[in-house]
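Now for the letters of each chain:
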Amino acid sequence: MSKAEQVQGGCLCGAVRFTVTFPTVFCGHCHCSMCRRNHGAAYVTWFAVLRSQLSIEAGSDRLTRYQSSSHGSRSFCSRCGSSLFCVSTHLPDLVDIPLASMDGPIDRIPESHIYFDDRAPWTIIGDNLSRLGGPSGLEPVE
Ligand SMILES: [Zn+2]
Ligand SMILES: [Zn+2]
C-alpha cells in the first residue's frame, strides 16, 4: 500500500479549500496565549510545511490576515471565522496549519508540547510527549 502524498483541508464553511503536499517538517501542540485565544481552545495542534507545499484551491479571496505580533500573522476565513494559516518572519519558508482543519491524517503525529510553560492552568496533559517552553517555546522545560 502506498502512502498518501497529499491531504486536503478547509475551513468550517468550505469556502477555503487547500491541499498540502508531504513531507511535513513539524507537528506539535502549541499552548501559547495567542493560539489559545485565537482558536478558543486549550491548545492548538499545528503542523508545518514549506510554503511551496501549500496550495490554496478555493476561497483565497475569503482569507483575511491578522498581524498578531511583530513577526507573525494569522489568516482566517472571513465567512466562518476558522483560523487557518500562521506565518512568521522568524521562519519565512514555513507555514503553520491547524491539524484539525485537514480532511485526513498527515505524515506524522504530534511530537511535542510547545510554549508548555505558558499553558492554561486548567489544562492537564497526561501524555509522554516532550514539553518545551521558554522564550522560544522550544526549549526543554521540567
Ligand atoms: Zn469558511
Ligand atoms: Zn501558539
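Just so it is clear, the structure is predicted and the values come from calculations on it, not from any experiment. (Residues numbered from 1 in each chain as written. Chains lettered and ligands numbered in written order. Predicted model: local features only at pLDDT ≥ 70, side-chain atom pairs only at ≥ 80, totals over all residues. Heavy atoms only, no water.)

**Q** What exactly am I supposed to notice about the coordination of the zinc ion (ligand 2) here?
**A** Six octahedral donors around a metal ideally make angles of 90 or 180 degrees; four tetrahedral donors ideally make 109.5 degrees. For the zinc ion (ligand 2), the protein coordination sphere consists of C30 (SG), C32 (SG) and C35 (SG), at 2.1 to 2.3 Å. Along the chain, the residues that donate to the zinc ion (ligand 2) are spaced as C-x1-C-x2-C. C32 matches C30 in its accessibility class, with the two residues each being buried. (Donors = N, O, S within 2.8 Å, 3.2 Å for Na, K, Ca; no water. Buried < 20%, exposed > 50% of the residue type's maximum accessible area, 1.4 Å probe, protein only.)

**Q** Quick question: what am I supposed to make of the coordination of the zinc ion (ligand 1) here?
**A** For the zinc ion (ligand 1), the full set of protein donor atoms is C11 (SG), C13 (SG), C77 (SG) and C80 (SG), at a range of 2.3 to 2.4 Å. Every donor counted, the four donor atoms about the zinc ion (ligand 1) form angles of 105 to 113° at the centre, which fits tetrahedral coordination. Each donor residue of the zinc ion (ligand 1) belongs to the same chain, and together they define the spacing C-x1-C-x63-C-x2-C. Linking C13 in the loop between β1 (6–10) and β2 (17–21) with C80 in the loop between β7 (72–77) and β8 (83–88), this pair joins segments that are 67 residues apart in sequence. Taking the relative accessible area as the measure of exposure, C13 reaches 29% and is therefore partly exposed. The exposure class of C80 is partly exposed, given its relative accessible area of 25%. (Tetrahedral: all angles 85-135°; square planar, octahedral: opposite > 155°, others 65-115°. Helix = DSSP H or I, 4+ residues; strand = E, 2+ residues; numbered from the N terminus.)

**Q** Which parts of the structure should I look at to understand the sheet that holds β2?
**A** Adjacent strands of a sheet pair through backbone hydrogen bonds, lying either parallel or antiparallel. With antiparallel pairing, three strands are arranged side by side in an open sheet as β1-β2-β5. Of all the strands in the sheet, the pair left with one neighbour each is β1 and β5 (54–58). Between one strand axis and the next, the sheet turns by 25° as a mean value, whatever way the strands run. Across five bridges, the pairing between β1 and β2 is antiparallel. The residue bridging Q8 from the neighbouring strand is T19, located in β2. (Pairing = 2+ DSSP bridges. Axes fitted to C-alpha atoms, helices over the stretch in contact; angles between N-to-C directions.)

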